[in-house]
2 protein chains.
Amino acid sequence: MHDYNYYLRLVEGAVSNINYPSRPAELYKPIAYTMSQGGKRVRPVLTLMTCEAMGGDLNKAVDVALGIELFHNFTLLHDDVMDRADVRRGKPTVHCKWNDNVAILSGDAMLTMATQAVSRVDADIVQPMVELFNDTAMKVYEGQQFDMDFESRNDVTVDEYIEMIRLKTSVLLGCACKAGALVAHATEENANSIYDMAVNLGLAFQLQDDYLDVWGDPATFGKEIGGDIVNNKKTFLLINARDHSAGNDAIELNRWLADTTSPKQEKIKAVTALYEKLGLKDLARNAIVNYSHNALDLLHETKMSYDAYKVFEGIINRLADREK
Amino acid sequence: MHDYNYYLRLVEGAVSNINYPSRPAELYKPIAYTMSQGGKRVRPVLTLMTCEAMGGDLNKAVDVALGIELFHNFTLLHDDVMDRADVRRGKPTVHCKWNDNVAILSGDAMLTMATQAVSRVDADIVQPMVELFNDTAMKVYEGQQFDMDFESRNDVTVDEYIEMIRLKTSVLLGCACKAGALVAHATEENANSIYDMAVNLGLAFQLQDDYLDVWGDPATFGKEIGGDIVNNKKTFLLINARDHSAGNDAIELNRWLADTTSPKQEKIKAVTALYEKLGLKDLARNAIVNYSHNALDLLHETKMSYDAYKVFEGIINRLADREK
């Protein structure tokens, strides 16, 4: 096994080797722009790692890894249009730099390019690979739609929230790992265990995101602390706060949710204090630890080599227990 | 061989058998709405016809045909967002009935569902089928981008226009036929001939659309006559008019292009007269006949049975030499 940066370099190599036609420029330039923005490239790295850990030929997994990264970036591109987000990774989003039409059409093209890339595998695994990829894509769209639905609902349950983040973000991590397992011709049992491992890792990762928005260190967390609180975003914490508060706590929570005039910092401070009073810091911490432990247990079930196990363990700790 | 309506019924059966999950409703309802709007279903019918004409099992081509119809409707759905079109087949478009976000996301899902459907074939043809489908999709996006680019250009050549309509509309007809040939395990030569046949048919069809907008019979043509002229749309006729006019004709053409105050009918009448003076009615007619003849020649090359040939010949005449 190699280290994270080794796989990352393979992914970056594949990204920079994409051969974009020169015309029509407004179709392909936004794709090249999006793909060159970098990011952690977690998903394609997981594909390569899984392939190698399960005894596969790393070179045969590079196109698949690229396809999954293309798909992930396609979802960000279209989500940014839907969310009217102006900035991504410190740069203007495609619909801001160009326009909505360019963002829609180049996103469509990225989705097709992603499907092309994941199909560049040995003939005998094209069918399961394309099936895995398409099934995953449908789940991701469902998650995105549920996420948008939740914005106008005040009765979202914790279970619904977990299901939404499972669909919107976790299954793609599962797909990334399982795709690597398919290239390695792993047993179905191993392929499914690594899929479930990554889904649990994804849940831990997303909950950690909710957690860091409140209790992250502003010095290391990339985003501004408290953004979710200011925007009344229905995170794991807010949904649980609604479930766990009664009497004056519930009144105070609702007052802050309705507040549009107080200084941001005051609202962040008060809601954070309320979350702590309700025991949500521990609740969230425990949920994250639980999903991480599930991930480690499932990793263990694949009976990969100790060497490989340690690399994955490092990723799980890095992603689920991160500070940024 | 069967008649058009027999294949159409198979397609309609497949469309009405699509099993949409009930949730999230705003993801799947717009897809069901779009697919239920009908239309001629030319592309999936061509898939089924080609499959049968080349000795394939019709039942094995139904999902592929459905996938191609899903793809076609996905492109219309996203194009309507980009073109801000409010009505399609007499009904409000998805972004009008719901909103842009719903149209973007349900379109994405339709594209993935299309890919799923075309992959439901025997394992040995999954790879060529997915490759054909994805390559075609990329061309369609390129065509749509060129079409949008042309709106702000005044120097589009006839060759560029033909290339744009080839990409935007004709290659999907080619793909529809070739997909049927793949299911039938036709020879590569035959599969390529039928592809080229359909591309020529598509060119004839699109030029006929431009022609009917000017010289169609208002009683049988579905749309209002002269819409392209009123909107200064860069059709085969306008581009050729620019190329073929000089002196006073060129001055008059440019005056009408800049005109925003005269009654519509006056502009339509004057520009039509100018087109006729420049010999464009015959020029367009000849181009349509040429592409139709090419299509018939290529059809002949496939050496399909006389029975099958006559059915395809009927389609070519129906589409390329239509009144509506």
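Because the structure is predicted, anything quoted here is derived from the model rather than measured.

Reading the values: the criteria
- Residues numbered from 1 in each chain as written.
- Chains lettered and ligands numbered in written order.
- Predicted model: local features only at pLDDT ≥ 70, side-chain atom pairs only at ≥ 80, totals over all residues.
- Heavy atoms only, no water.
- Helix = DSSP H or I, 4+ residues; strand = E, 2+ residues; numbered from the N terminus.
- Buried < 20%, exposed > 50% of the residue type's maximum accessible area, 1.4 Å probe, protein only.
- Core = buried A, V, L, I, M, F, W, Y, C linked by side-chain atoms within 4.5 Å.
- Contact = heavy atoms within 4.5 Å.
- Patch = residues over 30% accessible without salt bridge, like charges linked within 9 Å, V, L, I, M, F, W, Y side chains within 5 Å.
- Areas by Shrake-Rupley, 256 points an atom, 1.4 Å probe, with all protein chains shown as cover.
- Salt bridge = Lys/Arg side-chain N within 4 Å of Asp/Glu carboxyl O.
- Lys, Arg positive; Asp, Glu negative; His and termini not counted.
- Charge placed at Lys NZ, Arg CZ, Asp CG, Glu CD.
- Least-squares fit on C-alpha atoms with pLDDT ≥ 70 in both.
- Expected span 1.5 Å × (residues − 1).

> Sorry if this is basic, but what is going on with the environment of Asp3 of chain A here?
Residue and element names in this part refer to chain A. Secondary-structure assignment places Asp3 in the segment before helix H1 (4-16). We classify Asp3 as partly exposed; its relative accessible area is 47%. Sequence spacing of Asp3 and Met49 is 46 residues, and the spatial spacing of their C-alpha atoms is 8.9 Å.

> Would you explain the nonpolar core in this entry?
Note that soluble globular proteins tend to have their nonpolar side chains buried in a common cluster. Ranked by size, the top nonpolar core spans 253 residues in total, and within it Met197 of chain A together with Met197 of chain B carry the most contacts. Contact partners of Met197 of chain A, with chain neighbours within four places excluded, come to Cys177, Ala295, Leu298, Leu299, Phe312 and Ile316 of chain A.

> Which parts of the structure should I look at to understand a negative patch on the surface?
Residues and elements named next belong to chain A. Negative charge collects at one region of the surface, where Glu189, Asp196, Asp297 and Glu301 lie side by side. Sorting the residues of the negative patch by element identifies helix H9 (188-215) and helix H14 (280-301) as the ones contributing at least two each. Judged by its relative accessible area of 35%, Asp196 is partly exposed.

> Looking at this model, I keep getting lost on the relation of the copies chain B and chain A. Mind explaining?
Relating one copy of the chain to the other takes a rotation about an axis and a shift parallel to that axis. When chain B is fitted onto chain A, the two copies agree to an RMSD of 0.1 Å after a turn of 180° and an axial shift of 0.0 Å. Taken together, the rotation and translation relating the two chain copies correspond to the operation of a two-fold axis. Most of the interface of chain B is mirrored in chain A, where 100% of its interface residues are also at the interface.

> Whenever I open this one, helix H4 (residues 62-83) of chain B confuses me. Can you help?
An α-helix turns once per 3.6 residues; consequently, residues spaced three or four apart project the same way. Residue and element names in this part refer to chain B. A rise of 1.5 Å per residue sets the reference length of H4, with its 22 residues, at 32 Å; its end C-alpha atoms lie 31 Å apart and thus fit the reference within 8%. Counting buried positions along H4 yields 20 of 22 residues, so the element is predominantly enclosed. Just past H4, the residue Arg84 takes up positive phi, approximately 50°.

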